[in-house]
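Fold and contact review
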Amino acid sequence: MNLIDFLRKNVENHGDKVAIIDNHKEITFFQLYGEVEKFSNNIEILNQEKIISLVSENSISFIIAYLGIINSGKIVHLISPEISEMNLFNQLKSSESKNIICNQLMKNKISNFDSIKTTIFEIEEILLKHNNKKVKSNVNELAYLIYTSGTTSEPKGVTVSHSMIEFTTKNIVKMLGYSSSDIDLLPLPLNHSFGLGCIHTSLYVGSTLVLLKNASNLEEILESLKKYKITTLAVIPATLTKILNFKNEKIKKYFSQIRLIITNSTAIPKKTVIQYKEILKKGNLATYYGLTEASRSTFMIFDKNNQREESVGKCSPNVKIEIVNEEKNNLKIGDILIKGDNVIKKYWNNIEADKNIFDGWLKTGDTGYFDKEGYLFLKGRSDEIINVGGEKVMPIEIEQSVKNISGVEDAVAFGIVHEVFGQTIKLNVIKSKNSDIDKSQILSHCIKNLEKFKIPSKIDFVKKIPKTDYGKVKRFMLK
Amino acid sequence: MNNEHESKEIIKNIFFEVFPNLDKNDFSWEKEQKDYENWDSFAQLNLITFAEAKFDISLTLEESIEIKSANDLLKIVKQYLV
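Residues numbered from 1 in each chain as written. Chains lettered and ligands numbered in written order. Predicted model: local features only at pLDDT ≥ 70, side-chain atom pairs only at ≥ 80, totals over all residues.

As for the overall build of chain A
What chain A contains, in helices and strands, is 15 helices and 25 strands. Here the C-alpha atoms of chain A give a radius of gyration of 23 Å, agreeing with the 23 Å that 2.2 N^0.38 yields for 479 residues. The C-alpha extent of chain A, read off along each of the three principal axes, is 70 × 50 × 45 Å. Of all 479 residues assigned to chain A, the portion counted as buried reaches 47%. (Helix = DSSP H or I, 4+ residues; strand = E, 2+ residues; numbered from the N terminus. Rg over C-alpha atoms; globule rule 2.2 N^0.38 Å. Buried ≥ 20, exposed ≤ 12 C-beta atoms within 10 Å, placed from the backbone.)

What to know about the overall build of chain B
Scanning chain B from N- to C-terminus turns up 4 helices and 0 strands. The globule rule puts the C-alpha radius of gyration for 82 residues at 12 Å, and the 12 Å found for chain B is close to it. Dimensions of chain B along its principal axes, counting C-alpha atoms only, are 30 × 25 × 20 Å. Counting only residues that meet the buried cut, chain B has 30% of its 82 residues in that class. Within chain B, counting contacts between residues at least 6 apart in sequence, those at least 24 apart form 62% of the total. (Contact = placed C-beta atoms within 7 Å.)

Focus on the sheet that holds strand 6 (residues 119–122) of chain A
Residues and elements named next belong to chain A. Here we have 6 strands laid out as an open sheet, ordered 6-5-3-4-7-8, and mixed in their pairing. Where the open sheet ends on each side, the last strands, each with one partner, are strand 6 and strand 8 (157–161). Neighbour-to-neighbour, the strand axes of the sheet open up by a mean angle of 25 degrees, direction not taken into account. Two strands pair when backbone bridges link them, and strand 7 (residues 142–147) and strand 8 are joined in this way by 5 bridges, in the antiparallel orientation. Bridge pairing in strand 8 places Leu145 opposite Thr159. Contacts between helix 5 (residues 104–111) and the sheet are confined to strand 3 (51–55), strand 5 (99–102) and strand 6, with strand 6 contributing the most and set at about 160 degrees to the helix. (Pairing = 2+ DSSP bridges. Axes fitted to C-alpha atoms, helices over the stretch in contact; angles between N-to-C directions.)

Here's the deal with the sheet that holds strand 13 (residues 284–291) of chain A
Working definition: the strands of a sheet are paired by backbone hydrogen bonds and lie parallel or antiparallel to each other. Residues and elements named next belong to chain A. Across the sheet, which stays open at both edges, the 9 strands sit in the order 2-1-10-9-11-12-13-14-15 with mixed pairing between neighbours. Both outer strands of the open sheet, strand 2 (25–28) and strand 15 (314–315), are each paired with one neighbouring strand and no more. Bridging between strand 14 (residues 294–302) and strand 15 involves 2 bridges; their strand directions are antiparallel. From the neighbouring strand, Thr298 faces strand 15, where its bridge partner is Cys315. Contacts from helix 8 (residues 193–205) reach strand 9 (183–186), strand 10 (208–211), strand 11 (232–234), strand 13 and strand 14 within the one sheet, and its direction differs from that of strand 9 by about 160 degrees.

Concerning the interface of chain A and chain B
Each partner contributes residues to the interface: chain A has 13 residues there, and chain B has 12 residues. A total of 5 residues in the side of chain A that touches chain B trace back to one element, the largest contributor, which is helix 15 (residues 439–449) of chain A. Its residues assigned to classes, the side of chain A that touches chain B comprises 5 nonpolar, 5 polar and 3 charged. (Nonpolar A, V, L, I, M, F, W, Y, C, P; charged D, E, K, R; others polar.)

A look at the environment of Asn112 of chain A
Structurally, the position occupied by Asn112 of chain A is in the loop between helix 5 and strand 6. Spatially, the C-alpha atoms of Asn112 of chain A and Glu85 of chain A are 9.3 Å apart, while their sequence positions differ by 27 residues.

Digging into the confidence of the model for chain B
Mean pLDDT over chain B: 90, with 98% of residues reaching 70 or higher. Taken together, the chains of this predicted complex give a pTM of 0.79 and an interface ipTM of 0.90. (pLDDT = per-residue confidence, 0-100.)

Details of the domain arrangement of chain A
All names here are of chain A. Parsing chain A into structural domains produces domain 1 (3–140), domain 2 (164–382) and domain 3 (385–477). Relative placement of domain 1 and domain 2: their C-alpha centres are 26 Å apart. Counting residues at the interface gives 22 residues for domain 1 and 18 residues for domain 2. Those elements that place two or more of their residues in the side of domain 1 that touches domain 2 are helix 1 (3–14), strand 1 (18–22), helix 3 (60–71) and helix 4 (85–95). Top contributing element to the side of domain 1 that touches domain 2 by residue count: helix 1, with 6 residues. Residues that form the side of domain 1 that touches domain 2 fall into these classes: 11 nonpolar, 8 polar and 3 charged. (Domains from an automatic or database assignment.)

Structural data, given as structure tokens:
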């Protein structure tokens, strides 16, 4: 089954049901399929092209364009609306895409990029065309191309096939219990594996998807929970933590009907998990571990009987994970390797990156370990290790510990050059609202909870920590 | 600005934080690094980090290396607080 088959199944089963709600607009599955077909027909002019770039804010039009490009037998190259001119230039060159489809706002933005000579089409213009010639649907093996966010290295092109999507979507449904009766709130950007996975799941089960432009307006998220009688919510951990600044009674009221909050594997503060366990009376908070290259490789449901608040859970069905270390012991920290039908076969035009895939195993660059019951714990990325006088330190351990201090909203640890130790640890901290915490209090906490070579040698209070749309720290920007 | 009495209290507390096994009765301003069980290079770094945070100062590498006792740390801190 491919994504278009997912959609067709809903048209047959409940064509009049609302598929997507976007602000004041609604579209049924029947209407959505009609628009997707129309979009496919109208981009016939681009038929010579194998790949088409798509960039837009969250909207029904975006989803029509996404499915329309796929339905026309092409690969969608998904681009973040926040992309810089240089990054866009590099992605277009690497992807060999000759056309960009976007909304009007993005067309205005990209038209001002002097280095971009690619032809630009507006989504709405394409939809308004009249092409009576019906193009036969011939879906490509590959569905989309995304360049990974490059938090520690140059972006790499990742192509995801329909069979990977089908495998992953079925695992999501099986593990998290999605059904056609769900109403899913999605305030995540759709140019990323997390947001896309949510669209695919809604299409697969035939639930109703409520789109928000982004997660910056917390009041809008809370009001939407009530207005649309939302049953599932997908957000990054930072959004969940920020919501906790509202009064507890208010949060409980808004979340009373939620059966699932799904978040991604960017480290969730333990105290946030514990608080949501208390808030969700009828549901659970869940997370997963995955990469664009190996989506949803584990699942973790934080139920009240499981105290592993810092785990990303157990392997997904038919996905294998190995920990590679000198001891050949999965219970000890080592490099994480993943194998399964959710794993890419190769990167897009990148022989160097392909060296990370061998015999079906993907070397993720992440490190972690399993406990005896098979729960995976992430310990950071192998290229983020800080070497303090020969002692190896994972930033995540310090960050998790410091984030548990009352008065700390967020923290990031990284290595700085030191004349004696080679490297020592610097910690950048964002204080919670109205917090008067000082550096000494943070150090006192660290010395009580961490080994002495893990104590930061420098602490700065900062207003912002540079992160991707999905909450991953852009470590190369830290100073 | 801290007076000498306050500074001394702060430094004593730093030593008790960095060396949690240090008994209150065993603290001495003259007691030297070699007489501490756990005063290694990492503990030295922690002492300096705490002092910098508590007094809002920044020690040079030379000053950091000179510290071999609580008294040494007090002397250096006092120079910054004049």
